[in-house]
Every structure is written in C-alpha cells, then in structure tokens.
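Residue-level structure breakdown
Residue-level listing of the chains:
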Amino acid sequence: MLDSTPSMNVFSHPEFDNHEHLSFFCDSETGLKAIVAIHNTSRGPAMGGCRMFPYTTDEQALRDVLRLSRGMTYKSALANLDLGGGKSVIIGDPRKQKTEALMEAMGHHLEGLGGQYIAAEDSGTSVPDLKVMGRHTRHVAGIASRTGFDGNPSNGDPSPATAYGTFIGLKAAVKHKLGRDNLNGLKVAIQGIGNVGFRLAKHLKDAGAELWVYDIHDDNMQRAVDQLGAKPATAEDILFLPVDVVAPCAMGAVLNDDSILQLQATIVAGAANNLLEHPEHDAMLRDRGILYAPDFAINAGGIIDVFYERTGATPEKVRAHVDTIGDTLTEIFNRSDRSGRPTGEIANELAEERFKKHTACAGPAPERLACTG
Ligand code: NAD
C-alpha cells in the first residue's frame, strides 16, 4: 500500500542548488531538531547564522535553510572572504523551547561536523546562546570580546561593521549615480533605526547628510531625532520621500511592484537582507533609473568582522577589508552600465566568478548546467 504521508524532497528540492552537505540533527532528550546546510566550501569553511524559528513544517525549515545557506556563499565570495556558505536552523519557538540543554546539544552536533560549518547568531539566537554551544565546539563565531574594527571595544556584535560597510557602500553609490564625493546636504531616508540603522544614521550625520527616519518603535525613532537631528517620517512615506537615497534597514521584500513605482529617490542602499520581493524587481529598478546597491554586497561588513574574529587580525586590517565593499559595488555598477543589465544580476555573476572557479562543477555555463539538478 502506498504511504499517503506528504514527502519532502531533498536532492530534487527546488532550492537544493548543488548543496555539498546537509545534516539533520535530532536529540530526543532535549527536543533538538535542527538542519545544517553547507552550500559550498570552495573558498573555505561554511559560515552562517544559526536561526531558531517555530517552523510549522519540516519543509518550511528545509526551504529556509537551503536559501539562506546559498545566500551566504554568495555574500562571502563577493566580499572576497576565505569562507564558504552555510546556515543552520533549529525548529522551535525561541521564547518557549530554548533551553541551555538544547543549545548544548546543538554544540555537540556542530562539533561532529569537524569545522566544515561555523555558526554565528541569527534571529532567535543570541551571543549567550552561541557561547553555550561553544562549551562543546570551537566552531561558533561572533562571541569574542576584542577591540573592534573602529577601535572601540567589541563583544562580537557585527552591527557596527555592517553599518560602517553600508555607509561605505552608500558613498560609492552616491559617487556613481550623482557624481559627488561629499555627502554634505545629501538627503537620506532610513527605514528601521535599530542596531544597524542608528549607526548608519550616525555616520551619515557626521558626513553632513540630512536625515529622515522611521521605526515601528517610537523610542528608536526618537533617539535618532533627539541625538542626530533627524526628521521623523511615517510608515507610509519613509520610502517615498523626495530624497536622494532610501536606506531600508528593517526588513526584506520592501522593493516590490507597488513600492518601486512610488520611489522618488534615485539610489537604494540599505542593510536589510533580501530587499527585492522577487528577482525581477532588480530590472524594474534599473528601468526606472534607480541605482540599487545589492543587499548582500553592501551589508557584508558584519560577516567580514566575524571572519577576522577567528584569525585575530588587527582592527586596521578588518576596517581595510570592510572598505573594499565600496570597490566591489563600484565594479558592480560599472559592469551594469556597460552591459545594460541590473545590478543584482551582476552581483550574483561576480560572486559566482569568485567561488565557482574552485569547484568541480566550474566551467562554462553548459558544463555547470550539466552538474545541476
Ligand atoms: P534590529 O532588529 O536591531 O533593527 C531593526 C529595526 O527595524 C528595529 O528598530 C525595528 O523596530 C525596526 N523595524 C521593524 N519593522 C519595521 C518596519 N516595518 N518599519 C520600520 N522599522 C521597522 O536589526 P539590525 O541588526 O539593525 O538589522 C537590520 C537589517 O539588516 C535586518 O534586515 C538584518 O537582517 C540586516 N542585516 C543586519 C546585519 C547585522 O550585522 N546586524 C548584517 C547583515 C544584514
């Protein structure tokens, strides 16, 4: 008799994309159910966040981990880091099901992967959780107290480096689109004034920019108004103000059919992940004459910082590497202009050039296609 239980495809999953390694962990004592996805290790061990989320189906968890893991390969390769891409998900509600024992069990499992995957914090996990995992494995990152890239004490939080990298990327976009080096009087609207958004606002303020801000939490918005002289905006208008740059630093999918038509800014440069609702919105931005700084290029400061935590590099070296985000974006913008193709597509292509040349499947497109599926 045929089993009527819904099946979950793995190798033929639409998001599988030649992942090198998948591990499914189950620990009945602690209730741990986790998946680790390692997409590509051609440049080095796979690094990426460990997310805890109450997925309602195993399929949802698998889809999320595959997509996120692949994204890390592209982000690290584009940032020229000796890292591959990976991600892990723990299935469960972090507010109700997170225990020290569960985090310890995750640490044990990560140790069993022998360093092929290195976990960092992500939504649903925190630095203290990673430290608990770290009782059983060395393969966790973003937890060390040290002098940060900016000379200030750092506890492993990647946000300062992400904000600085976003600022550098935004400047590269302004130079390319508006032909100016100086941000004095530049009008910027920032959506989301959290860990990254507030620090980005501070960099921009110091450079003389005029700021508009909106956050769903009044106190976060008020802090930017009081401390940085930013002007408060509303949920409805923050993306559509007559400014030079819109910097989304809250959540993804804010660039969609509706919002793109209403944008008045000619540059989108923000730290939030997965800004495009669908890949085709990349071309829609270009068609409207809006320069889009691809999210995974501009927000790589954090992964650069976490990478160097493990190598013990000087703050100057970390900062110099974060500064290269501007060069990478300029290369993307120039290639986009020369080819007439959108910037997100070019960023993917550039990342692939940086990691596929090392892989068994590398080669001209037809050979790569033969390896797919
Ligand atoms: P955060 O949680 O500290 O800040 C996000 C802010 O956005 C919060 O203040 C929140 O109140 C606000 N917000 C949420 N929904 C909103 C909405 N609809 N409109 C306006 N504001 C809203 O997070 P963060 O660490 O600052 O990260 C911001 C974004 O950057 C996220 O998309 C994150 O994935 C991405 N990112 C962060 C890092 C990092 O190092 N922290 C690295 C890469 C990418």
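Given the structure is predicted, the values throughout are model-derived calculations rather than measurements.

So, about the pattern of salt bridges. All told, the structure shown has 22 salt bridges when counted by the stated rule. Close ionic contact of R51 with D122 constitutes a salt bridge, the shortest N to O distance being 2.8 Å. Pair noted here: R51 is in strand β3 (residues 46–53) and D122 is in the loop between β5 (117–121) and α4 (127–133), with a separation of 71 residues, a long-range link. Linked through salt bridges whose partners overlap, the residues forming this network are E331, R335, R341, E345, E349, E353 and R354.

The next subject is the environment of G192. Its location among the elements puts G192 in the loop between β8 (187–191) and α6 (195–206). Sequence separation between G192 and M47 is 145 residues, and the spatial gap between their C-alpha atoms is 26 Å. Those residues in contact with G192, other than ones at most four positions away along the chain, are G197, Y214, D215, C249 and A250.

With that settled, the discussion passes to the side chain of H39. Within the element layout of this structure, H39 appears in strand β2 (residues 32–40). Not counting residues within four places of it along the chain, the set of residues in contact with H39 comprises D17, N18, H19, E20, S69, R70, T73, Y74, G85 and G86.

Taken N-terminus to C-terminus, the directions of helix α1 (residues 58–78) and helix α13 (residues 343–356) make an angle of 80 degrees; their axes are 8 Å apart at the nearest point. Between α1 and α13, the angle falls in the class roughly perpendicular. Here T73, Y74, A77 and L78 of α1 come into contact with α13, specifically with A347, N348, L350, A351, E352, R354 and F355.

Once rolled over the atoms, a probe with the size of a water molecule shows which space is left empty. Throughout the structure, instances matching the rule amount to 1 cavity of 30 Å³ or more. Considered as a void within the structure, the largest cavity measures approximately 50 Å³ in volume. Together, K75, L78, A79, F296, A297, A300, I325 and T328 line the largest cavity.

Here we have 5 strands laid out as an open sheet, ordered β1-β2-β4-β3-β5, and mixed in their pairing. Each end of this open sheet is capped by a strand with a single partner; those strands are β1 (21–27) and β5. This sheet shows a mean twist of 25 degrees between the axes of neighbouring strands, independent of strand direction. Across 7 bridges, β1 lies against β2 in antiparallel orientation. Paired with F25 across the strands is A34, a residue of β2. Sheet strands in contact with α1 are β1, β2, β3 and β4 (84–91), and its direction is about 155 degrees off that of β4.

As enumerated under the stated definition, the model contains 5 aromatic pairs in all. Between F149 and Y164, the ring centres sit 5.4 Å apart and the planes meet at 35 degrees, which makes this aromatic pair tilted. Linking F149 in the loop between β6 (146–147) and β7 (153–154) with Y164 in helix α5 (residues 159–178), this pair joins segments that are 15 residues apart in sequence. Here F149 falls in the buried class, since its relative accessible area comes to 8%. Measuring from ring centre to ring centre gives 5.0 Å for F307 and Y308, while their planes differ by 75 degrees; the resulting arrangement is edge-to-face.

Time to look at the sheet that holds strand β9 (residues 210–214). The 6 strands lie next to each other as β10-β9-β8-β11-β12-β13, forming an open sheet whose pairing is parallel. The outermost strands of the open sheet, each flanked by one partner alone, are β10 (231–232) and β13 (291–292). In the sheet, β9 pairs with β10 via 2 bridges, with the strands oriented parallel. Following the sheet pairing, W212 is matched in β10 by K231. Against the sheet, α6 touches β8, β9 and β11 (245–248), its axis set at about 170 degrees to β8. Running over the sheet, helix α7 (residues 218–228) touches β9 and β10 and is turned about 165 degrees from β9.

Conventions used here
- Residues numbered from 1 in each chain as written.
- Predicted model: local features only at pLDDT ≥ 70, side-chain atom pairs only at ≥ 80, totals over all residues.
- Heavy atoms only, no water.
- Salt bridge = Lys/Arg side-chain N within 4 Å of Asp/Glu carboxyl O.
- Helix = DSSP H or I, 4+ residues; strand = E, 2+ residues; numbered from the N terminus.
- Contact = heavy atoms within 4.5 Å.
- Axes fitted to C-alpha atoms, helices over the stretch in contact; angles between N-to-C directions.
- Parallel < 35°, antiparallel > 145°, perpendicular 65-115°, else oblique.
- 1 Å grid on protein atoms, 1.4 Å probe; cavity = no way out; pocket = protein on both sides within 12 Å on 5 of 7 lines; lining within 4 Å.
- Points joined across faces, edges and corners; volume = space filled by probe spheres on them.
- Pairing = 2+ DSSP bridges.
- Phe/Tyr/Trp six-rings, centres within 6.5 Å; stacked < 30°, edge-to-face > 60°.
- Buried < 20%, exposed > 50% of the residue type's maximum accessible area, 1.4 Å probe, protein only.

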